[in-house]
Structure formats: structure tokens, C-alpha cells
Amino acid sequence: MEFKKVVVLGGGVLGTQIGLMCAYTGHDTTFWLRSESSIGRTQPKIDRYSAVMLEDLAKAKAMVGNPMGAFLYPKGLIKDWSTATAESIDALLEQGKKNFAEKVHLELDMAKAVEDADVVIESMSENPEAKIGVYEAVRDLLPEKTLLFTNSSTLLPSQFAEYTGRPEKYCAVHFANSIWKQNTAEIMGHPGTDPEVFKKAVAFAEEINMIPLEVLKEQPGYILNSMLVPFLTAAQALYGGGVGDFTTIDKCWELATGAPMGPFKILDIVGLETAYNINQMKPDANDPASATYRISQILKEKIDKGETGINAGKGFYDYTK
């Protein structure tokens, strides 16, 4: 194992999943969090996602020998389905439980968190000021060897490279939601990224059971979100413009395309705070006549009520029932 200690800056939806996949694959993993209240928000996510990962792993045993298993098994949790047996999955379950119990740490002291880190992954909200703030706070605390990655879903690494103190050791490694099943890692450098660091980012992705996807030039939204964000934006524009309610829009997409979920169910998984931050960066975000403004108001109202998505139990849909 080349990368022994991983630190995740932030404990949001993806940050939690990233850290848990690192721990599952045997890496000593620390979440740096801003405050005690951040721990109160992050610990339930750690408990929920670790339980879901182990549950999905256990369910995979029933798929052994089923031809559909090759399409449905959790790809980040089982590296080679062709050799998987009920016994080998049981062994993974035991190791996974042990790693979650022993290799996951929460830390409020930033200097202590990043001490001797091989990899630090910034997974703060999609807010440029917040990201710059954390880079400026951590830059003088990082060991010389540490590689610094951002999981930003829409912002370019070149926007932040100068604030990191190590632009040559900095690049983007972006993960999709439910990374233990949708195990992609988009690797994207900026013009100042050392090519060797890019290669190490690819190696790190492989080490935590991801499939590295090399993005050859900077692209806002990488590959995945260059397709996903316009889709979600179009759905929100329909809702904000009064064309249809969110359940009708979801139903239309699901029935017409055979997709398992529509855009508003996806937004609940992504998190409404992330959706709101992305909306606020649009040119017409403050124009009361625009659909962007109206959907932002809808999102803000839900966020203020604590209805931030599936992890809160309620977003556009109620998951407590």
C-alpha cells in the first residue's frame, strides 16, 4: 500500500463516502471537521453509510452464481466478481467491520489531523470562499510529502492552486455518489500539476477500489457533471418556471427513459445545499423574474427547515415514512 494515511477535509455526503472507502480498503482515515456541531452532523452519516455499505456487501452473497450479479454487485467493495464466493464475501464483511471500527477517526485540530498524511482530500461545500479558507488554513501544516486533492464537482483546480502552497502536488479527484457501487474517480489536473502527481492520483484511486477516469484538460464539471448538471438544471427550470411539479417531472423522466430515479430524487441524494450553492453561482441567481431565482428560493426554504436531502430524512421527498 503506497498511501497509508488519508485525511478528508469535511464531512458532507461525498466526503463521508470517500473517507469510508479509504478506511474499507485499509487506509488509516481521519475526517477533519470544523466544530463539535460538525461532528454531530457527520457521525450519523458515517454510521449510515458504513451500515449501507456492509448491507450491500451482504446482499451480494445472494447474487453469487446469478448472471445478473456481474451487473449489480457493489463494484467498489468486491474487486473481482469472477472469483467471488459467499465465503470470500463473508471475509470482506468481517474485514470491513474491523476497518470501520479501527481506521476511522474524527479530529477538530487541523494540525493533528494532517500530521504525517500521505493524501489530503478537500471535500468542502461548492463555495469558493470556503475552499480558499481551508486551503490557506492547511497549507503550512501539510508535510512535504502530502498530495492534496479536491473533490469539487464544478470548480476548477486552477481556481485554487495558488492558495494551496503546493500547486504542483495538487489536482482534482472527483467521485460520484454511492461510490462503493458507482466506483468512478475522475482525475483532472491543472496546468501546474506535476505529471508524476497526476499518475499518483490515478494510483491512489485504484488503491481505494475506484476506476480512474483521466480527464485530459480542465473542464468545469469534469465529464460526469458536464452531463449531469445541465440535466438537473433543466429539471429545476421546469419546476421553477411552473411547467410541472417535481413529482410529475420525475415520473416523466423515469417512465420515458426507464431510469431508476428522476432529477429531484437525484437532487435529494446530491444534497440540496450543494444544489443551492451551484444555483447561486449562475448569472441570473438574483433576478426575481428568473426560474433560477425561484428554484433557489425553494431550495433555501427547504434548507432553512433542515430538509436538505436523503441524509436529513427529507428533501423534495420524505424518507422517514
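Structural data are supplied above this passage.
Residues numbered from 1 in each chain as written. Predicted model: local features only at pLDDT ≥ 70, side-chain atom pairs only at ≥ 80, totals over all residues. Heavy atoms only, no water.

Chemist: Please set out the overall build of the chain residue by residue, giving values where relevant.
Modeler: Counting secondary structure elements, the chain contains 13 helices and eight strands. If you line up the chain on its principal axes, its C-alpha atoms span 55 × 50 × 40 Å. Split into buried and exposed, the 321 residues of the chain put 49% on the buried side. Within the chain, counting contacts between residues at least 6 apart in sequence, those at least 24 apart form 67% of the total. As displayed, the chain offers around 14,700 Å² of accessible surface, 56% of which is attributable to carbon and sulfur atoms. If you average the places of the 32 positive and of the 42 negative side-chain charges in the chain, the two averages end up 4 Å apart. (Helix = DSSP H or I, 4+ residues; strand = E, 2+ residues; numbered from the N terminus. Buried < 20%, exposed > 50% of the residue type's maximum accessible area, 1.4 Å probe, protein only. Contact = heavy atoms within 4.5 Å. Areas by Shrake-Rupley, 256 points an atom, 1.4 Å probe, with all protein chains shown as cover. Lys, Arg positive; Asp, Glu negative; His and termini not counted. Charge placed at Lys NZ, Arg CZ, Asp CG, Glu CD.)

Chemist: An account of the sheet that holds strand β6 (residues 170–175) is needed here, citing residue identities and associated values.
Modeler: Here we have eight strands laid out as an open sheet, ordered β3-β2-β1-β4-β5-β6-β7-β8, and mixed in their pairing. Among the strands making up the open sheet, the edge pair consists of β3 (104–107) and β8 (211–215). Between one strand axis and the next, the sheet turns through 25° on average, direction left out of account. Of the strand pairs in this sheet, β6 and strand β7 (residues 184–188) are connected by four bridges, and their pairing is antiparallel. Opposite V173, over in β7, you have I187 as the bridge partner. (Pairing = 2+ DSSP bridges. Axes fitted to C-alpha atoms, helices over the stretch in contact; angles between N-to-C directions.)

Chemist: Describe the environment of F149, naming the residues involved and giving the relevant values.
Modeler: On the secondary structure map, F149 appears in strand β5 (residues 147–150). As a C-alpha pair, F149 and I187 span 38 residues in sequence and 9.4 Å in three-dimensional space. Setting aside its immediate chain neighbours within four residues, F149 contacts V119, V120, I121, E122, Y170, C171, V173, A201 and F204.

Chemist: Outline the pairing of β6, listing residues and values.
Modeler: A large share of β6 lies buried, amounting to six of its six residues. Across the two faces of β6 the burial is the same, with Y170, A172 and H174 and C171, V173 and F175 all buried. Bridge analysis of β5 against β6 gives three bridges, and the strand direction is parallel. The residue of β6 that forms the bridge with F149 is C171.

Chemist: Describe the side chain of E307, with residues and values.
Modeler: Secondary-structure assignment places E307 in the segment after α13 (291–304). Looking at E307, the relative accessible area reads 11%, which means it is buried. Not counting chain neighbours up to four residues away, the residues in contact with E307 comprise L272, K302, K314 and G315.

Chemist: Tell me about the nonpolar core, residues and numbers included.
Modeler: Core analysis: the biggest nonpolar cluster contains 48 residues, and I78, F149, F175 and F204 have the highest contact counts within it. Of all the elements, helix α1 (residues 13–24) adds the most residues to this core, at eight residues. Core analysis: the next-biggest nonpolar cluster, separate from the first, contains 18 residues, M110, A113, A117 and L148 among them. (Core = buried A, V, L, I, M, F, W, Y, C linked by side-chain atoms within 4.5 Å.)

Chemist: If you had to explain the side chain of H174 to someone new, which residues and values would you point to?
Modeler: In this structure, H174 sits in strand β6. Of the residues examined, H174 reaches a relative accessible area of 3% and is grouped as buried. One polar contact links H174 to N225, side chain to side chain, over a distance of 3.4 Å. Setting aside its immediate chain neighbours within four residues, H174 contacts N151, S152, S153, T184, A185, E186, Y222, L224 and N225. (Polar contact = N/O pair within 3.5 Å; in protein donor to acceptor, adjacent residues only side chain to side chain.)

Chemist: Quick one: what's the story with the packing of aromatic side chains, residue by residue and with numbers?
Modeler: Enumeration over the complete set of coordinates arrives at 15 aromatic pairs. On the basis of an interplanar angle of 15° and a centroid distance of 4.9 Å, the ring pair of Y73 and W81 is categorised as stacked. The pair formed by Y73 and W81 is uniform in burial state, with each residue classed as buried. Look at F149 and F204: their rings are 5.9 Å apart centre to centre, the planes differ by 45°, and that puts the pair in the tilted class. Here F204 lies in helix α8 (residues 195–207) and F149 lies in strand β5, a separation of 55 residues in the sequence. For F149, a relative accessible area of 0% puts it in the buried group. Ring-pair connections join several aromatic residues into one group, and the members of that group are Y239, F246, F264, F316 and Y317. (Phe/Tyr/Trp six-rings, centres within 6.5 Å; stacked < 30°, edge-to-face > 60°.)

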